[in-house]
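Structural characterization, general
The lines below spell out each chain.
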Amino acid sequence: MTTKKVPVIIDTDPGVDDILAILLALASPELEILAYVVSFGNTDVHAAYENIYRLYQAVGRQIASHPEDKARFPNFSPEVPPVLALGPHGPLEGGRHHAQYFHGRDGLGDVSQSHPDLNVHSEDRSSIFCANLITTTKSAAEVVLELLQSRPKRSITYIALGPLTGLALLLREHGDVVRENIGRVVIMGGALDVPGNATPVAEFNIYADAHAANEVLSFDTPERGLPSDRVVLLPLDITSIHEFPFPFYVKHVDPTFESTRKPSVASTKSPLVHFSSSFFERTREVMIEFGKDAMELHDIVAIWCAIDNPPDPTEKGDNLPVMCPGWAVVKRKFAIERTGELTVGMMVIDRRDDPTAYAPGLNRAQVQSLLQQYHQPHGLLESIAVPAQVETEDFVRPDSGTISRTGIPCVVETPGPDALLRLLANRVWGVDR
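About the thresholds
Residues numbered from 1 in each chain as written. Predicted model: local features only at pLDDT ≥ 70, side-chain atom pairs only at ≥ 80, totals over all residues. Heavy atoms only, no water. Salt bridge = Lys/Arg side-chain N within 4 Å of Asp/Glu carboxyl O. pLDDT = per-residue confidence, 0-100. Contact = heavy atoms within 4.5 Å. Helix = DSSP H or I, 4+ residues; strand = E, 2+ residues; numbered from the N terminus. Buried < 20%, exposed > 50% of the residue type's maximum accessible area, 1.4 Å probe, protein only. Axes fitted to C-alpha atoms, helices over the stretch in contact; angles between N-to-C directions. Parallel < 35°, antiparallel > 145°, perpendicular 65-115°, else oblique. Left-handed = near helix turned anticlockwise from the far one by under 90°. Nonpolar A, V, L, I, M, F, W, Y, C, P; charged D, E, K, R; others polar. Phe/Tyr/Trp six-rings, centres within 6.5 Å; stacked < 30°, edge-to-face > 60°. Lys NZ or Arg CZ within 6 Å of the ring centre and 35° of its normal.

1. Quick notes on the pattern of salt bridges
Once their charged atoms are close, side chains differing in charge can pair, the charge on each being opposite to the other. Summed over the entire model, instances satisfying the criterion amount to 17 salt bridges. As a salt-bridge pair, arginine 261 and glutamate 258 come within 3.8 Å of each other at their nearest N and O atoms. Three or more residues are tied together by salt bridges with common partners; here these are Glu243, Lys292 and Glu296.

Next comes the structure, spelled out in structure tokens:
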């Protein structure tokens, strides 16, 4: 029996975790990759665009030297290759922000200098990669619009892994068509009840273009933004608990991996392992400076969510997205700060009428339970006693894995960090554990 693939458009700013997320997408038979929209974000748009070619070159070398691995990457050379479109160079308003402090100037830990063998030197890329990618001079908005109109209504999932600029421009130009045809929009971004990672209060993707995020996530007016029942937001609150420990990588993938002090040597390992070890080297050093020998899998969680939770064309009105077992969403109501001196990109929650806020009562019970479940440390002055669960009207819907109210659906539960680690290691590197 053939399972129908989920057609996806990946809006990305590669980016270390973006590249790892795309590797997972290439190795996932549940997906059909229709297009990549490459945006500014982690680095400038041209460096990000180059990283797509670096990735495809590495996978191509892997399959050339290990033909048996072709089956592991069913989306590498599909019957109809995905379109590679150049997206926005900068935000709707304000200055351009990058995350080069983490991702390096080239977006991949500066592999362009430390590992020049990973650079793509050929000028004739359209022919070299013709079985893998379709390049275009069309705008990203044109590409996405054509794809939405060429497929059955509400069948396509749009996965946003970077700033929401491209999606905001698409909605400005073709909002009615997008709202009518889009199936699901999976967005990695924001921080609700946890600190930010770009500033103390803002997650990078929202911070990089707060005006775009505000337009895309305007749930209060039907003529703006996206229908809330088709949005799934994955904020730092849920993505940060999913980690890729580097000691795990050393044990199961590359025993020689260390850091930039001991650069990867291509002749001693497979091409794909050499590629991943090379861009992990600087990432590991940065994460150790932050206090952990692991990388957080933010964008990878978004791809996983799209794999497990395809669009449901029967969803209507104010209903929450239907999620598969193991996943749960809660609607959160917030405004996005766009002009604050210290708070640009902050998701401002009205906690006066938000039962999901971290406070005594039902939500505190849920948070404490999750802290226990994922073995997260409790605050120094925080009680570790789990209060009794309180029943409230129209809150929990166990049959659908959702919690209902107005706002944007935010993921609050996944099948767990270990499940993602196993999936990623198995599909990308063929690790069985």
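The structure having been displayed, the exposition proceeds.
2. A word on the confidence of the model for the chain
Confidence along the chain averages 87 in pLDDT terms, with 85% of residues attaining 70 or more. pLDDT under 50 marks residues 383-404. Its contacts with residues more than four places away, or in other chains, come to 46 contacts.

3. Observations regarding the environment of isoleucine 336
Looking at the secondary structure, you find isoleucine 336 in strand 11 (residues 334-336). You can call isoleucine 336 buried: its relative accessible area is 4%. Sequence separation between isoleucine 336 and isoleucine 206 is 130 residues, and the spatial gap between their C-alpha atoms is 8.4 Å. With residues up to four places along the chain from it excluded, the contact list for isoleucine 336 reads Ile206, Ala210, Ala213, Asn214, Leu217, Gly345, Met346 and Met347.

4. Considerations on the environment of proline 235
Take proline 235: it is sitting in the loop between strand 7 (231-234) and helix 10 (236-239). Look at proline 235 and you get buried, because its relative accessible area is 1%. A sequence separation of 42 residues divides proline 235 from aspartate 193, and the C-alpha atoms of the two residues are 9.4 Å apart. Apart from residues no more than four positions distant in its own chain, proline 235 is found in contact with Gly189, Gly190, Ala191, Leu192, Cys410 and Val411.

5. Looking at the packing of helix 1 (residues 16-26) against helix 12 (residues 271-289)
At a closest axis distance of 10 Å, the pairing of helix 1 and helix 12 adopts a crossing angle of 155°. When the axes of helix 1 and helix 12 are compared, the pair comes out roughly antiparallel. Seen along the crossing, helix 1 lies across helix 12 with a hand that is left-handed. Judged by residue contacts, Val16, Ile19, Leu20 and Leu23 of helix 1 engage Leu272, Phe275, Phe279, Phe280 and Thr283 from helix 12. Split by residue class, the contact of helix 1 with helix 12 holds eight nonpolar, one polar and no charged.

6. Digging into unusual backbone geometry
The omega angle of the peptide bond from proline 14 to glycine 15 is -10°, so this bond is cis rather than trans. With respect to the helices, strands and loops of the structure, glycine 15 is situated in the loop between strand 1 (6-12) and helix 1. Positive phi, close to 65°, is recorded for aspartate 110, a residue that is not glycine. On the basis of relative accessibility, which here comes to 25%, the residue aspartate 110 falls in the partly exposed class. Even without glycine at this site, arginine 154 takes up a positive phi of about 60°. Note on arginine 154: relative accessible area 13%, which makes it buried.

7. Let's talk about the packing of aromatic side chains
A full pass over the atoms with the stated rule returns 19 aromatic pairs. A ring pair is formed by phenylalanine 257 and phenylalanine 280, whose centres lie 6.4 Å apart and whose planes are at 70°; its orientation type is edge-to-face. In this pair, phenylalanine 257 is assigned in the loop between helix 11 (246-252) and helix 12 and phenylalanine 280 in helix 12, connecting sequence segments 23 residues apart. Assessed through its relative accessible area of 6%, phenylalanine 257 is described here as buried. Over the ring of tyrosine 53 we find arginine 125; its NZ or CZ atom is 4.9 Å from the centre of that ring.

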